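Given next are the chains, with one letter for each unit.
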Amino acid sequence: MLRVIATSLCLQCHHATTLRLNVRAWGTLSPRENQQTVEAFYELSVDIQKVRKLKGWVLHQFPAYTKEVAALLEDMGASGSIIAHVLAVHPEAILCNPEQMQTQMELWMSVCPNQRELIGIIEKFPASFFTSSNHHDNQRNNISYFQSLNLNKRIITKLMASAPQSFSRPVEQNQLMVSTLQQAYQELGGEEANMKIWLQKLLSQNPFVFLKSPEVLKQNLVFLRDSGFSTAELLHLLSKLKGFVTELNPDSMRRSLNFSQEIIGCSEAELRHIILKCPALLYYPDSTLAERFKGLLSTGISMSQIIATPTILELTTQIVNYRIQRLTARGYDVRTGSLDVLNGTKKDFEMSFGKLQLRRERPLFNPVAPLKVED
């Protein structure tokens, strides 16, 4: 009798130990989760706690193709860390069956130069690659259409990665937007020979332009024409707005224009001249403009300096203050000097700062001063 009890206790202890090990291995595994998916995620070093927190519903789906997704990415040259990252940020990828994934790879490789570049795109935009099979025909038709426009393959790839919705919808909608853009370009005096380059630049600057209505573009151009901009100036704006012309609307532009004119204290003609140099005055809301004007003026920068270099308004107040601190440490006073050294991208600023520092360190040479020679 004692032997039977002892055997039973041993079996219970073994079961409890095994249970503890399983709990330790699989964390808070829910009985409703797809255990094969969870196990595969652990094997691939995927941050499963992140998946449970943000997209836990994926772990409850049947069937799932975790190993197939990992194998596809590995065959394309993805490292283990990239695979784990992709599955952590976009676990929905495991719901694409192998046929879907194969079709997607063929579609993307028709515009990608090599698999290495495609892996880089998938790492940054996994949701753009692992998409629904319902859109493959639309994707194929849109790729063919953009290729027919002789657009650079990299531009098409950027569009697919950044704005996949524009490839998932019927090709006719994109054709309408392109024809509207081309018509506007021609009506404003754009040269036919430059249209391809102009269109490529606009699409690369704002891939989401296709998600807007062509009517919005027309309304905005009418508003700007009624605001006094000439045909040539409208063509300039259409190019300089970086595609944001479709993001705007007459009401928001009117508020921004009224605010800018009031705070600068200029005429409408003078304001149009400033806007041609800094189209951002059209698409920044008046609240943002108010903050940036206030931030610049509080540093001692004058309004005349801002008018001379209005693109300084494209920088946030934090960036401006940081750059002023660095320039001040080198003895440069932005209140009396040009704002050009303060302006531009981070790369532009570092180049200007480097040249400024070099000029300060280089000794001055006086051609009429007597040379010091040793006897």
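- Under an unreviewed UniProt entry, the name given to the chain is Mitochondrial transcription termination factor 2, and the source organism is Nothobranchius furzeri.
- The record held by UniProt for the chain lists under Sequence similarities (unreviewed entry) the comment "Belongs to the mTERF family."

### Section: the overall build of the chain
- Of regular secondary structure, the chain possesses 22 helices and zero strands.
- Across the 375 residues in the chain, those meeting the buried criterion constitute 41%.
- At a minimum sequence separation of 6, the contacts of the chain that also span at least 24 residues come to 71%.
- In the form shown here, the chain has an accessible surface area of approximately 21200 Å², with 54% of it arising from carbon and sulfur atoms.

### Structural notes on empty space enclosed by the protein
- Scanning the model with the defined rule gives two cavities of 30 Å³ or more in all.
- Counted as a void, the largest cavity has a volume near 50 Å³.
- If you trace the largest cavity, you find it lined by W108, S128, T131, Q139, M160, P164, F167 and S168.
- Considering only residue class, the lining of the largest cavity consists of four nonpolar, four polar and no charged.
- Approximately 30 Å³ is the volume found for the second largest cavity.
- As for the second largest cavity, its lining consists of R292, G295, L296, L315, T316, T317, V320 and N321.
- Counting only elements with at least two residues in the lining of the second largest cavity, the list comes to α19 (286-298) and α21 (317-329).
- Classifying every residue of the lining of the second largest cavity by side-chain character gives three nonpolar, four polar and one charged.

### Observations regarding the pattern of salt bridges
- Per the counting criterion, the structure on display carries nine salt bridges.
- Residues D137 and R140 are paired through a salt bridge, measuring 3.2 Å at the closest nitrogen-oxygen approach. Of the two residues, D137 and R140 are both situated in helix α9 (residues 136-148); the distance of three residues between them amounts to about one turn of the helix.
- Given the relative accessible area of 54%, D137 is considered exposed.
- Judged by relative accessible area, R140 falls into the partly exposed class, the value being 36%.
- Residue E350 pairs with R326 through a salt bridge whose shortest N-O separation is 2.7 Å. Of the two residues, E350 is situated in helix α22 (residues 346-361) and R326 in helix α21; the sequence distance between them amounts to 24 residues.
- Exposure remark for E350: the relative accessible area of 31% places this residue in the partly exposed category.

### Regarding the packing of aromatic side chains
- Enumeration over the complete set of coordinates arrives at nine aromatic pairs.
- Ring geometry for F129 and F130: centres 4.9 Å apart, planes at 85°, overall edge-to-face. For the pair F129 and F130, one class covers both residues: buried.
- Against the face of Y284 rests R292, its NZ or CZ located 4.6 Å from the ring centre.

### So, the confidence of the model for the chain
- Of all residues in the chain, 86% attain a pLDDT of 70 or more, and the chain-wide mean is 86.
- Taken element by element, the predicted model of the chain shows its lowest mean pLDDT in helix α1 (residues 2-26) (42) and its highest in helix α5 (residues 80-89) (97).
- A low-confidence stretch, residues 1-29 stays under pLDDT 50, and its non-local contacts, those more than four residues away or across chains, total eleven contacts.

### Some words on α5
- What α5 keeps buried is the set I82, I83, A84, V86, L87 and A88.
- Those residues of α5 hidden inside the fold are in contact with α2 (35-43), α3 (48-55), α4 (66-75), α7 (115-124) and α8 (126-129).

### A closer look at helix α16 (residues 250-264)
- Look at α16: 21 Å from first C-alpha to last across 15 residues, which is about the 21 Å you get at 1.5 Å a residue.
- S252, M253, S256, L257, S260 and I264 are the residues of α16 that are buried. The arc that holds the buried residues of α16, viewed along the axis, is 130°, so those residues lie on one side.
- Buried positions along α16 lie against α14 (214-226), α17 (268-277), α18 (280-283), α19 and α20 (303-308).
- Its side-chain oxygen placed 3.1 Å from the backbone nitrogen of D251, N249 serves as the N-cap of α16.
- G265, located one to two residues past α16, shows a positive phi value of around 75°.

### Side note on the nonpolar core
- L73, F130, L203, L282 and L327 are the most contacted members of the largest nonpolar core, which totals 103 residues.
- In this structure, this core is formed jointly by two domains, domain 1 (33-130) and domain 2 (251-257 + 281-359), each of which donates at least three residues.
- When near neighbours in sequence (up to four residues on either side) are disregarded, L73 contacts A78, I83, V86, I119, I122 and F130.

### Quick look at the side chain of S128
- Within the fold, S128 resides in helix α8.
- Owing to a relative accessible area of 5%, S128 belongs among the buried residues under this scheme.

### Digging into unusual backbone geometry
- Here F62 and P63 are connected by a cis peptide whose omega angle stands at -5°.
- Take P63: it is sitting in the loop between α3 and α4.
- For N150, which is not glycine, the phi torsion reads 60° and is therefore positive.
- Relative to the helices and strands, N150 is located in the loop between α9 and α10 (153-162).
- For N150, a relative accessible area of 52% puts it in the exposed group.

About the criteria used
Residues numbered from 1 in each chain as written. Predicted model: local features only at pLDDT ≥ 70, side-chain atom pairs only at ≥ 80, totals over all residues. Heavy atoms only, no water. UniProt positions renumbered as here; feature names shortened; annotations may be inferred. Helix = DSSP H or I, 4+ residues; strand = E, 2+ residues; numbered from the N terminus. Buried < 20%, exposed > 50% of the residue type's maximum accessible area, 1.4 Å probe, protein only. Contact = heavy atoms within 4.5 Å. Areas by Shrake-Rupley, 256 points an atom, 1.4 Å probe, with all protein chains shown as cover. 1 Å grid on protein atoms, 1.4 Å probe; cavity = no way out; pocket = protein on both sides within 12 Å on 5 of 7 lines; lining within 4 Å. Points joined across faces, edges and corners; volume = space filled by probe spheres on them. Nonpolar A, V, L, I, M, F, W, Y, C, P; charged D, E, K, R; others polar. Salt bridge = Lys/Arg side-chain N within 4 Å of Asp/Glu carboxyl O. Phe/Tyr/Trp six-rings, centres within 6.5 Å; stacked < 30°, edge-to-face > 60°. Lys NZ or Arg CZ within 6 Å of the ring centre and 35° of its normal. pLDDT = per-residue confidence, 0-100. Expected span 1.5 Å × (residues − 1). Arc of directions from axis to C-beta. Polar contact = N/O pair within 3.5 Å; in protein donor to acceptor, adjacent residues only side chain to side chain. Core = buried A, V, L, I, M, F, W, Y, C linked by side-chain atoms within 4.5 Å. Domains from an automatic or database assignment.

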